[in-house]
Amino acid sequence: MLERDVGNLAAYFGRFAPELLATSYGKEIWYIYESGNLTPEVKLTGHFKGSNKQADLDGIMREIDDAREDAIRRKQERER
């Protein structure tokens, strides 16, 4: 939602300042936030180069399946 909203603001204000149309403030802000470094003092550039690394979907699905199995096992133990 942050990226969408910041993108919408950039699109709107980009009508008056076209250089905003080529920025990625939303992605940049989110990246800095996730890294735990977002403070009022951070100077944003509007440029962000993300990673092209593919997510390990098989690993993610294994984690989800393991969590599901744990939840089922705990529920069965409580019902005994």
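Conventions used here
- Residues numbered from 1 in each chain as written.
- Predicted model: local features only at pLDDT ≥ 70, side-chain atom pairs only at ≥ 80, totals over all residues.
- Heavy atoms only, no water.
- Helix = DSSP H or I, 4+ residues; strand = E, 2+ residues; numbered from the N terminus.
- Rg over C-alpha atoms; globule rule 2.2 N^0.38 Å.
- Buried < 20%, exposed > 50% of the residue type's maximum accessible area, 1.4 Å probe, protein only.
- Contact = heavy atoms within 4.5 Å.
- Areas by Shrake-Rupley, 256 points an atom, 1.4 Å probe, with all protein chains shown as cover.
- Lys, Arg positive; Asp, Glu negative; His and termini not counted.
- Charge placed at Lys NZ, Arg CZ, Asp CG, Glu CD.
- Expected span 1.5 Å × (residues − 1).
- Arc of directions from axis to C-beta.
- Patch = residues over 30% accessible without salt bridge, like charges linked within 9 Å, V, L, I, M, F, W, Y side chains within 5 Å.
- Salt bridge = Lys/Arg side-chain N within 4 Å of Asp/Glu carboxyl O.
- Phe/Tyr/Trp six-rings, centres within 6.5 Å; stacked < 30°, edge-to-face > 60°.

Caption draft 1: Just the overall build of the protein, in detail. When its secondary structure is counted, the protein shows 3 helices and 0 strands. Seen in sequence order, the protein has helices and strands lined up from the N terminus as α-α-α. Against the globule reference of 12 Å for 80 residues, the protein gives a C-alpha radius of gyration of 20 Å, more extended than a compact globule. The C-alpha extent of the protein, read off along each of the three principal axes, is 65 × 25 × 25 Å. Of all 80 residues assigned to the protein, the portion counted as buried reaches 12%. Once local pairs closer than 6 in sequence are excluded, the contacts in the protein between residues at least 24 apart make up 17%. Surface exposure of the protein reaches about 7200 Å², of which carbon and sulfur atoms provide 54%. Between the centroid of the 13 positive side chains of the protein and the centroid of its 15 negative side chains there is a distance of 2 Å.

Caption draft 2: How the structure looks around helix 1 (residues 2-14). In this model, helix 1 (13 residues) spans 18 Å end to end at C-alpha, consistent with the 18 Å of a helix rising 1.5 Å per residue. Within the sequence span of helix 1, burial applies to Val6, Ala10 and Gly14. The arc enclosing the buried residues of helix 1, seen along the axis, measures out at 75°, which places them on a common side. If you follow the buried residues of helix 1, they end up packed against helix 2 (25-34).

Caption draft 3: Molecular detail of a nonpolar patch on the surface. On the surface, Leu2, Trp30, Tyr33 and Leu38 cluster together into a nonpolar patch covering about 380 Å² of accessible area. Judged by its relative accessible area of 48%, Tyr33 is partly exposed.

Caption draft 4: Region of the structure containing the packing of aromatic side chains. Counting across every chain of the model gives 4 aromatic pairs. Seen from their ring centres, Trp30 and Tyr33 are 5.0 Å apart, and the 35° between their planes marks the pair as tilted. Note that Trp30 and Tyr33 are positioned in helix 2 at a spacing of 3 residues, about one turn of the helix. Among the residues examined, Trp30 registers a relative accessible area of 37% and is labelled partly exposed.

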